[in-house]
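In case you want the letters, here they are:
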Amino acid sequence: MSTTNYIGKPTSRVDGPAKVTGAAKYAAEFNVPNLAYGYVVSSAVTKGKITKIYTDEILAIAGVLQVFSHENVPSLAWLDRSYKDDVAPGGSPFRPLHSAEVKFNMQPVAVVVAETFEVARYAASLLRIDYDVVEHATDLEAKRDDGYKPGGGKTGWMPPPAPRGNPNDALQNAAHRVEGEFIHQAQHHNPMEMFATTVEWLGDKKLKVYDKTQGAFNSQQYVTKIFGLSKDNVQVISKYTGGGFGSGLRPQYQLFLAVLASLELKRSVRVSLTRQQMFSFGHRPHTLQYLALGANEDGSLAAVHHHALAETSQFEDFTENVVNWSGMLYQCDNVKLTYELAKLDVFTPLDMRAPGAATGSFALEIAMDELAYKAGLDPLEFRLRNYAARDQNADKPFSSKKLRECYHEGAAKFGWAKRTPEPRSMRDGSQLVGWGVGGGVWDASQQKAAASASLNVDGKLTVKSGSNEIGTGTYTIMTQIAAETMGLPLEAVTFELGDTALPEAPLQGGSWTAASVGSGVKAACDALGEKLLKLAQKMEDSPLKGVTYKDVQFVNGQIRLYSDPTQAVVIRDILPANGQEKLEADGSASPDMARQSQYSLHAHNAVFVEVKVDEDLGTVHVTRVVNAVAAGRILNPKTARSQVLGSVVWGISMAMMEESVMDHGFGRYMNHNYAEYHVPVCADIHDIDVVFVEEEDDIVNPLGVKGIGEVGLLGVAAAIANAVYHATGKRIRNLPISIGKLL
Amino acid sequence: MNSFTYTRATAVDAAVREKSAASSVRFVAGGTNLLDLMKENIERPTRLVDINHLPLKTIDGTPDGGLRLGALATNADTAWHAEVQRRYPLLSQAILAGASPQLRNMATNGGNLLQRTRCYYFYDLTTPCNKREPGSGCSAIGGYNRVCGVLGTSESCIATHPSDMCVALAALDATVQVTGKNGERTVRFADFHRLPEDQPQFDNTLAPDEIVTAIDLPNEDFSQHFSYLKLRDRTSYAFALVSVAAALQLDGTTIRDARLALGGVAHKPWRDAAAEDLLKGQPATEETFRKAATAVVQQAKGYGHNTFKIELAKRAIVRALKQAAEGTQTATDVFLNSNP
């Protein structure tokens, strides 16, 4: 029996104790000696030019060290490409304090640095700035006719595929048709931890940077390129991240400001943003979608038209895959997908949990529900009839796809069979009850990742990779993979991440960390295992002499022969026997492009929702959710379940509450705080059930994992809207489904 | 640095003296609103007088058989006080519908009365706001006004008073005990807060040198038929879009006495005596409730984003009165304390 098989077993977070005791430190918690504090001054206007900054009166305040603005920023890198981070979209990146020009409301226009945070904050509040204001445009709905097709440039963005079949005629001739516009406003990530950077000045332009980020290497290259520093002199550390959701994919401006101030003042500096300033950068873009679907008499999809118009900034083309999913989630031969942007005087939007797909699936899955009703079919049956066995966008088979099982297992667990189809037909006392279904599809991707593994003479294993922990469980699953690969107990393994001094790993995003870093960790451990076997073979009377790595297994603290498990060497004995203190190995893993490119690699989900509606008062409660997910091999059912639970809560939030409310007169988000930007409280969340459908896939990557950080969110908002329709007969296509919309 | 002096008062008369020394002196008790206002640079006191040590924490009976709530008793202690729960459950329910347990543990009764509006523009220094800066204009009119008022608004301000507790106090005909340089006075709850008119900078009628010492509840019994119905964007930690405090005394199925006050709709807790008169002596039926509800919103004015509040208020009044009549005593929401 093996006691060191951890993969696939529910495992508590190895970093749990550090998190709940406060031992886990975040970027703004590193109290390095002689620290100065920067406080950001945000633009009060949306568009124009700064004509005067009254810094003199601020510099006179005791304790103020400097006020940095475009007026005194030293000469920095000139070319746009120096400011482009790993996931910068096409265009010209925003450069903090670069010029007098104001491009968006709450733009950082100065940073006041002082001996204490309190002085910096106070002085910043007094800084007077004169602006020449010009007219701004922030309303996407006024730009309906100004959309344009974006160019390329952004990692992971795929322009919509060319139309297939004859979508216009097919829609025209369809037996059943629906069409409608779907809207959601901008939404901000709002992680608990606010963005902060602590720069420790180590002398001679050598910096240790504690940054809130989803990618230490991304921050490092951003800083080194802009400030002309060598990578050896800039170490970026990010051991813990208090929520990311995409907000930390790009370096935020406090990183630039803290490094600038540190280099200029030649001392350590911290800059942290306020909660209000968390609304001053990237967000899920306000998007208008138009969908038209047609079905034949037999309930097969005849045509899919999906158009999206999303906001972007004046200086970058932020793109995400909104409409593409509508060409691959269902079988349809006549498809037209188009995607456009409109430039507004806002900051560039930013990937936010399931970027594009959360937006697209909200619209597609409501439209599918509408069409099911038109065609007189149960919405689940309608989806099954139009099941896509092949990815028609890419014209490739799926490496694996167990969405059918998601539908069946989810429906069984939910009790879907007891649903009566007519709207307003189900009740619980005075409340209307509605049941809705939705779902989606998300990329399963793998990036190149490196790792190192080191076994100490005391039997402890340390594995390192410069990945990031945003709360998903990265520390835990990497520890599981390393422990199982090396046959060591979990307690003997330490995994380190979040440091540019470690082997390079990709940004934590795209749900690819488990597949990418997990494969890198496995490669490093396998390399270490091979070295260890060689040393074991050198031991006196070694029963492993003459065998290869393939002939042995690492389990229960031993290396033993597959053919005869009694023939074994205890791992802890190997280094002492060889007189070695330590044994190290490096490894890295890259996707097998030749094999993977023949397939469409995707995870899927189906989500079933119950709502209860008080019709008189317009209140909705999401009382029950079952989310069935097919995402390959589940490394840790406990942390994976938490990921999907979090996704469902996010979906409820998206459907019922979230919107960054812009006052277009000011061009400013007005609910820029936690009290007024609503996300659910515990009392809003009721039963949530997660089902992981078994899915084996040896094509997607050697570990067989697809990632579960994002797929669980897909279709949740639509399923809620569909349930609300089933309960009330009212179709809400404009999120959030707030109280006034149901009166 | 944004410095202010901090002193601790241990007697009411001393506190009043300190407060009247300058217009920039503020009392601080629970600090649940004032500290936010200071962080947002809306309040910049030069001196904070900590009144937590004044002897105003008790909750005791009054000579006329009512109940006196000390101004410094916390919202939590008040809501869970045995006498409040037994005799004034409407008040208890209203308090528990507000804020969060953590805030209620800190917030005091006096502070609850004096909290400022949560109008977005009041909190954002970059936008004009007549309440914050008289004469600068009202950004909510023509701006994003979903949380703003529909009753008793003026051209200079459409902000609402955010309290839940005060809505119940208005309905229960409470009085406010205040002490100032010139001695003590008693203020009817309806006269304590004010409408914005052309001076929205004044939320209430408390003089600058005055301090709230207690809130008195009269010796009346609305403990059998009451409802505090709060409608909001999430189930906890959200201000009311519309809330209704309804309380009835019934003779069989006939309404003997009625109280009706609304929150989330006006610059003050909106008690409507005329609507109450429409209820008195009438059968406790939905038709009666509708008439009263229609009367309450007759003069209501929507500003776009908040126009839905008019219809919502109407429906909420009918529901709250129904709950009160049935004695179902539903606090705020059937889901608040249950997990279906």
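Within every chain, residues take consecutive numbers counted from 1 along the sequence as written. Labels follow written order: the first chain is A, the first ligand is 1, and so on. Local features in this predicted model are restricted to residues whose pLDDT is 70 or higher, and side-chain atom pairs enter the listing and the counts only when it is 80 or higher, whereas totals over whole chains, interfaces and linings include all residues.

Draft legend 1. Quick look at the overall build of chain A. The helix and strand inventory of chain A stands at 15 helices and 32 strands. Just to be clear, the radius of gyration here is over C-alpha atoms, and the globule rule we use is 2.2 Å times residues to the power 0.38. Against the 2.2 N^0.38 benchmark of 27 Å for 743 residues, chain A shows a C-alpha radius of gyration of 27 Å, consistent with a compact globule. Partitioning the contacts of chain A with sequence separation of at least 6, the portion at a separation of at least 24 is 83%. A run of H or I in DSSP counts as a helix once it spans at least four residues, and a run of E counts as a strand once it spans at least two, with each numbered from the N terminus. Each residue is represented by a C-beta atom placed from its backbone, and any two residues with such atoms within 7 Å are regarded as in contact.

Draft legend 2. Geometry of the domain arrangement of chain A. Residue and element names in this part refer to chain A. An automatic or database domain assignment provides the domain bounds reported here. Looking at chain A, the domain boundaries give domain 1 (31-134 + 192-243 + 248-279), domain 2 (143-187 + 283-445 + 597-742) and domain 3 (446-590). Here the C-alpha centre of domain 2 lies 37 Å away from the C-alpha centre of domain 1. Opposite the 18 residues of domain 1 that make contact, domain 2 presents 26 residues. Tallied by class, residues from the side of domain 1 that touches domain 2 come to 7 nonpolar, 6 polar and 5 charged. Note on residue categories: nonpolar means Ala, Val, Leu, Ile, Met, Phe, Trp, Tyr, Cys or Pro, charged means Asp, Glu, Lys or Arg, and polar means any other residue, Gly included.

Draft legend 3. Layout of the interface of chain B and chain A. Listed by partner, the interface residues are 27 residues for chain B and 31 residues for chain A. Among the elements that take part in the side of chain B that touches chain A, helix α12 (residues 308-326) of chain B stands out by supplying 6 residues, more than any other. Across the side of chain B that touches chain A, the residue classes tally to 13 nonpolar, 8 polar and 6 charged.

Draft legend 4. The sheet that holds strand β19 (residues 426-428) of chain A, seen in detail. Residues and elements named next belong to chain A. Paired strands, as defined in this entry, are two strands with at least two bridges between them according to DSSP. Reading across from one edge, β19-β20-β28-β29-β32 is the order of the 5 strands in this open sheet, with mixed pairing throughout. The strands lining the two open edges of the sheet, one partner per strand, are β19 and β32 (687-692). Neighbour to neighbour, the strand axes of the sheet diverge by 30° on average, direction disregarded. In this structure, strand β20 (residues 431-443) lies alongside strand β28 (residues 602-614), joined through 12 bridges in antiparallel fashion. When the sheet's bridge partners are listed, G440 is paired in β28 with N605. Where helices are involved, their axes are fitted lines through C-alpha atoms of the stretch in contact, as for all axes, and angles between N-to-C directions lie from 0 to 180°. With respect to the sheet, helix α15 (residues 716-728) is in contact with β20, β28 and β29 (619-630), its orientation differing from that of β20 by roughly 155°.

Draft legend 5. Spatial organisation of the domain arrangement of chain B. Domain parsing of chain B yields domain 1 (5-50) and domain 2 (225-326). Taking only C-alpha atoms into account, the centre of domain 1 of chain B sits 36 Å from that of domain 2 of chain B.

Draft legend 6. Region of the structure containing the packing of helix α14 (residues 637-656) of chain A against α15 of chain A. Residue and element names in this part refer to chain A. Contact geometry for α14 and α15: axes closest at 8 Å, N-to-C directions at 55°. With respect to α15, the axis of α14 lies oblique. Crossing angle aside, the handedness with which α14 passes α15 is right-handed. Side by side, α14 and α15 meet where V648, G651, I652, M654 and A655 of the first sit next to V716, A717, I720 and A721 of the second. Of the residues belonging to the contact of α14 with α15, the class tally is 8 nonpolar, 1 polar and no charged. Roughly parallel means an angle under 35 degrees; roughly antiparallel, over 145; roughly perpendicular, 65 to 115; everything else is oblique. Crossing handedness is defined as follows: a turn of the near helix away from the far one that is anticlockwise and smaller than a right angle gives a left-handed crossing, while the clockwise case is right-handed.

Draft legend 7. How the structure looks around helix α3 (residues 117-126) of chain A. Once C-beta atoms are placed from the backbone, each residue is buried if 20 or more other C-beta atoms lie within 10 Å of its own, exposed if 12 or fewer, and partly exposed for counts between those two. Those residues of α3 of chain A that fall on the buried side of the exposure criterion are V119, A120, Y122, A123 and A124 of chain A. In the core, the buried residues of α3 of chain A are packed alongside β1 (35-42), α2 (55-59), β3 (64-69) and β6 (108-114) of chain A.

Draft legend 8. Structural context of the confidence of the model for chain B. Residue and element names in this part refer to chain B. One confidence number per residue, pLDDT, is output by the predictor and ranges from 0 to 100. Mean pLDDT over chain B: 95, with 96% of residues reaching 70 or higher. Of the regions scoring below 50 in pLDDT, residues 331-340 engages in 18 contacts with residues more than four places distant in sequence or in other chains. For this predicted complex, the interface confidence comes out at an ipTM of 0.96, alongside a pTM of 0.97.

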